[in-house]
Amino acid sequence: MIRRIFYPIAALVLVLGFWQLAVDIYQIPKFVLPSPSAIFLAFVAQAPSLLAAAFVTLKFTLAALAFAIINGVLLALFFSLSSTFETTFYPFAVVLQVTPVISIAPLVIIWVGIDNVDRAAIIIAWLAAFFPILANMSAGLRSVDKTLEDLFLLYGANRWQRFWLLEWPTALPFLMASLKISSGLALIGAVVAEFVAGSGSATGIAWRILEAGHRLQIETMFAGLLVLSMLGVGLFYFFDTLEKIICRRSH
Amino acid sequence: MMMSLKDAGFSYPGSATVFESLSLELKRREIVCLLGPSGCGKSTVLRVIAGLERLQQGRLQFEATEPAIGFAFQHAALMPWADVQTNIALPLRLKGPSDASVIEKSMAAVGLAGLGTRYPAQLSGGQQMRVSIARALVSNPEILLMDEPFAALDEILRFQMNELILELVADMGCGVLFVTHSLYEAAYIADRVLVMGEGQIIGEVAPGLDRSQAVSVQRASQGFADAVFAISELLAVRQTP
């Protein structure tokens, strides 16, 4: 436990110390590489606006994730009910996944984002988050224990009982694992949307980073990046903990 | 006769016949062992009787119109996300509301009293198998089908489980069709041992042990030795070209 916490912190302190020293000694201009202390000061000075912007991005991310969960789970269910349906539509889901979200983003912005960047951000984040949920949930529904299936058949379980008492609990750990991946992807999607929309219309943390860059406030860019990565880490560990709580008995 | 299978035939689609012209009967309070080499169709016989596979030839008849059937599989097949009592209650829950006292009784019958809130991962292999048996018994079945339920257990545990099955059958009065690979297990627990060759019953042995005697005496008795010998003979005959 001490190793897991102490070692990374020691490494971080060492890197930050080296960084601070290097900037001080070599007099590196702050518009090229600001020192950690300058970044910290920028963060403290702009914390309210940075956190407010991060909250906006978080809102897009969570909204997109919620839609992705609903759509992914439902579509996986339809796939498990009908192999014809799966054969017909799975390739489209794959196309959606393998096409880089950044290349679709401008189109989405043109279609729905000119007046409403929020909606575009949610759609783009959804595009990024959807597939892992669909793929994992499908795999989960397929991995039902054959003997338990026989048992449900033997005792005359109806379709709903089979889903609710057997398939859903079997697939749940798969779904939880996918949320750790998809939450990060949804965040990337939201950031991409803000970048593509450009400054002026978006209000999230990615836009704040972009804006600080245009103004050559590199320390604010770093502070924004720090907030963004903390957001990603927070999301990951939230779903990691949720997974452990929900699945603790079955592993 | 609680259950009878007459001139039964079955084959999986696109593969060779699993069994044909197979007949067997099961009475109340009777333990019938199906014994034979791997792939001879023992498990499929149980699946057909349970209604998990459709019989293609012959007749399957039950004394009751809709007999309650319990099934214990080769591995415990427990739901890892559910505790012991929820696992045991499954057959009742699928049919309607379940009665806690019935579940308590089943747990006590297999020696699991007090473990109701444990999860499968917290149990030993033997305890997991007890849960599986309790689940098979909870709906008070007239016919209990067991497909090599103790194959994965060690010899000592297997002996204990054999005693458990004998006690349960004496108490509950169900008929048991028990598939096993072990001729010692078959010779000990069965009233009748049906030896199966490829898709057919090639002989029957009735060990006739005196259950009033101590376990050790029964296992060392002449009747037990004779039964093992007779089963071995049948299996050896089958192997002779």
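Here the structure is shown first, and the text comes after it.
Residues numbered from 1 in each chain as written. Chains lettered and ligands numbered in written order. Predicted model: local features only at pLDDT ≥ 70, side-chain atom pairs only at ≥ 80, totals over all residues. Heavy atoms only, no water.

So, about the overall build of chain A. Tallying secondary structure elements over chain A gives 9 helices and 0 strands in all. Helices (α) and strands (β) of chain A occur, in sequence order from the N terminus, as α-α-α-α-α-α-α-α-α. Judged by the C-alpha coordinates and their principal axes, chain A covers about 75 × 50 × 30 Å. Buried residues in chain A amount to 42% of all 251 residues. When the accessible area of chain A is evaluated, it comes to approximately 13,600 Å², of which 73% is carbon and sulfur surface. If you average the places of the 15 positive and of the 13 negative side-chain charges in chain A, the two averages end up 5 Å apart. (Helix = DSSP H or I, 4+ residues; strand = E, 2+ residues; numbered from the N terminus. Buried < 20%, exposed > 50% of the residue type's maximum accessible area, 1.4 Å probe, protein only. Areas by Shrake-Rupley, 256 points an atom, 1.4 Å probe, with all protein chains shown as cover. Lys, Arg positive; Asp, Glu negative; His and termini not counted. Charge placed at Lys NZ, Arg CZ, Asp CG, Glu CD.)

If you look at the biggest cluster of nonpolar residues, it comprises 59 residues, and the most contacted ones within it are I124, L134, M137, I205 and L228 of chain A. Secondary-structure elements contributing two or more residues to this core are α2 (36–81), α4 (101–113), α5 (117–142), α7 (159–197), α8 (205–214) and α9 (218–247) of chain A. In terms of residue count, the dominant contributor to this core is α5 of chain A (15 residues). Discounting chain neighbours no more than four positions away, the residues touching I124 of chain A are V101, A105, V108, I109, G189, V192 and A193 of chain A. L35, L78, I103 and Y188 of chain B belong to the second largest nonpolar core, which has 52 residues in total. (Core = buried A, V, L, I, M, F, W, Y, C linked by side-chain atoms within 4.5 Å. Contact = heavy atoms within 4.5 Å.)

Turning next to the packing of helix α6 (residues 146–154) of chain A against α7 of chain A. Residues and elements named next belong to chain A. α7 packs onto α6 with a crossing angle of 145 degrees between their chain directions and a minimal axis gap of 11 Å. Between α6 and α7 lies a crossing whose hand is right-handed. Contact residues: L148, E149 and F152 in α6; Q161, R162, L165 and L166 in α7. (Axes fitted to C-alpha atoms, helices over the stretch in contact; angles between N-to-C directions. Left-handed = near helix turned anticlockwise from the far one by under 90°.)

Another aspect to go through is the sheet that holds strand β8 (residues 192–196) of chain B. Strand pairing in a sheet relies on backbone hydrogen bonds. The paired strands run either parallel or antiparallel. All names here are of chain B. Reading across the sheet, the 6 strands line up as β5-β6-β7-β3-β8-β9 and stay open at both edges, with mixed pairing between neighbours. The open sheet is flanked by β5 (69–72) and β9 (201–205), the only strands paired with a single partner. Strand-to-strand twist in this sheet, taken as the mean axis angle between neighbours without regard to direction, amounts to 15 degrees. Relative to β8, strand β3 (residues 31–35) runs parallel, the two sharing 4 bridges. When the sheet's bridge partners are listed, C33 is paired in β8 with V193. Lying on the sheet, helix α4 (residues 125–137) is in contact with β5 and β6 (143–147); it crosses β5 at an angle near 170 degrees. Those strands touched by helix α5 (residues 155–172) are β3, β6 and β7 (175–180), and its axis lies near 140 degrees from that of β3. (Pairing = 2+ DSSP bridges.)

Right, let's get into the interface of chain B and chain A. Taken together, the contact between chain B and chain A spans 24 residues of the former and 17 residues of the latter. Carbon and sulfur atoms make up 68% of the surface buried where chain B meets chain A, a total of about 1,900 Å² over both sides. Per-residue buried area on chain B facing chain A is highest for L52, W81 and L94 of chain B; these three make up 33% of the total on that side. With its nearest N and O atoms 2.6 Å apart, the salt bridge here joins R47 of chain B to D150 of chain A. (Buried area = accessible area lost by both parts, 1.4 Å probe. Salt bridge = Lys/Arg side-chain N within 4 Å of Asp/Glu carboxyl O.)

Let us now look at unusual backbone geometry. All names here are of chain B. In the Ramachandran plot, S21 falls in the positive-phi region, its phi being about 45 degrees despite a non-glycine side chain. Turning to its location among the elements, S21 is positioned in strand β2 (residues 17–26). Of note in the backbone geometry, R29 takes a positive phi value of approximately 60 degrees without being a glycine.

A separate point is the sheet that holds strand β1 (residues 3–11) of chain B. Residues and elements named next belong to chain B. Reading across from one edge, β2-β1-β4 is the order of the 3 strands in this open sheet, with antiparallel pairing throughout. Strands at the two margins of the open sheet, each flanked by one partner only, are β2 and β4 (57–62). Taken over all neighbouring pairs, the strand axes of this sheet differ in orientation by 15 degrees on average, direction set aside. One ladder, built from 5 bridges, connects β1 with β4; its direction is antiparallel. Counted as the bridge partner of L5 is L60 from β4.

Attention shifts here to α2 of chain A. For α2 of chain A, which comprises 46 residues, the first-to-last C-alpha distance of 55 Å sits more than 12% below the rise-based estimate of 68 Å (1.5 Å per residue). Within α2 of chain A, the axis deviates most sharply at Q46 of chain A, by approximately 75 degrees, and proline P48 of chain A lies no more than four positions further along. (Expected span 1.5 Å × (residues − 1). Bend = angle between axes of the 7 residues up to and from the residue.)

A word on the side chain of T61 of chain A. You can see T61 of chain A is positioned in helix α2. Beyond its immediate stretch of four places on either side in the chain, T61 of chain A contacts S183, A186, L187, A190 and L235 of chain A.

Time to look at the packing of aromatic side chains. What describes a pair of aromatic rings is the distance from one ring centre to the other and the angle between the planes of the rings. This model, assessed by the stated rule, comprises 18 aromatic pairs over all chains. Ring centres of F89 of chain A and F92 of chain A lie 6.4 Å apart, and the angle between their planes is 45 degrees; this geometry places the pair in the tilted category. Taken together, the positions of F89 of chain A and F92 of chain A, both in helix α3 (residues 83–98) and 3 residues apart, correspond to about one turn of that helix. Grouped by ring-pair contacts, the aromatic residues F78, F79, F85, F89, Y90, F92 and F131 of chain A constitute a single cluster. One Lys or Arg, R211 of chain B, reaches over the ring of Y188 of chain B and ends 5.3 Å from the middle of that ring. Sitting over the ring of F159 of chain B, R219 of chain B keeps its end group 3.6 Å from the ring centre. (Phe/Tyr/Trp six-rings, centres within 6.5 Å; stacked < 30°, edge-to-face > 60°. Lys NZ or Arg CZ within 6 Å of the ring centre and 35° of its normal.)

This part is about the pairing of β3 of chain B. Residues and elements named next belong to chain B. The element β3 is largely enclosed, with a buried count of 5 among its 5 residues. Residue alternation in β3 divides its side chains into two sets, I31, C33 and L35 and V32 and L34, and both sets are buried. Note that β3 and β7 share 5 bridges and pair parallel. Paired with I31 across the strands is V176, a residue of β7.

Below, the discussion takes up empty space enclosed by the protein. Residues and elements named next belong to chain B. Under the counting rule described, the total for this entry stands at 1 cavity of 30 Å³ or more. Together, M2, F62, E63, A64, P67, E142 and I143 line the largest cavity. Residue classes in the lining of the largest cavity are distributed as 5 nonpolar, no polar and 2 charged. (1 Å grid on protein atoms, 1.4 Å probe; cavity = no way out; pocket = protein on both sides within 12 Å on 5 of 7 lines; lining within 4 Å. Points joined across faces, edges and corners; volume = space filled by probe spheres on them. Nonpolar A, V, L, I, M, F, W, Y, C, P; charged D, E, K, R; others polar.)

All names here are of chain A. Using the criterion set out here, one finds 16 salt bridges over all chains in the structure. For K180, the salt bridge identified is with D240, shortest N-O distance 3.2 Å. With a gap of 60 residues between them, K180 in helix α7 and D240 in helix α9 connect regions that are remote in the sequence. One salt bridge connects K180 with E243, and the closest N-O pair in it is separated by 2.9 Å. With K180 in helix α7 and E243 in helix α9, this residue pair connects regions lying 63 residues apart in the sequence.

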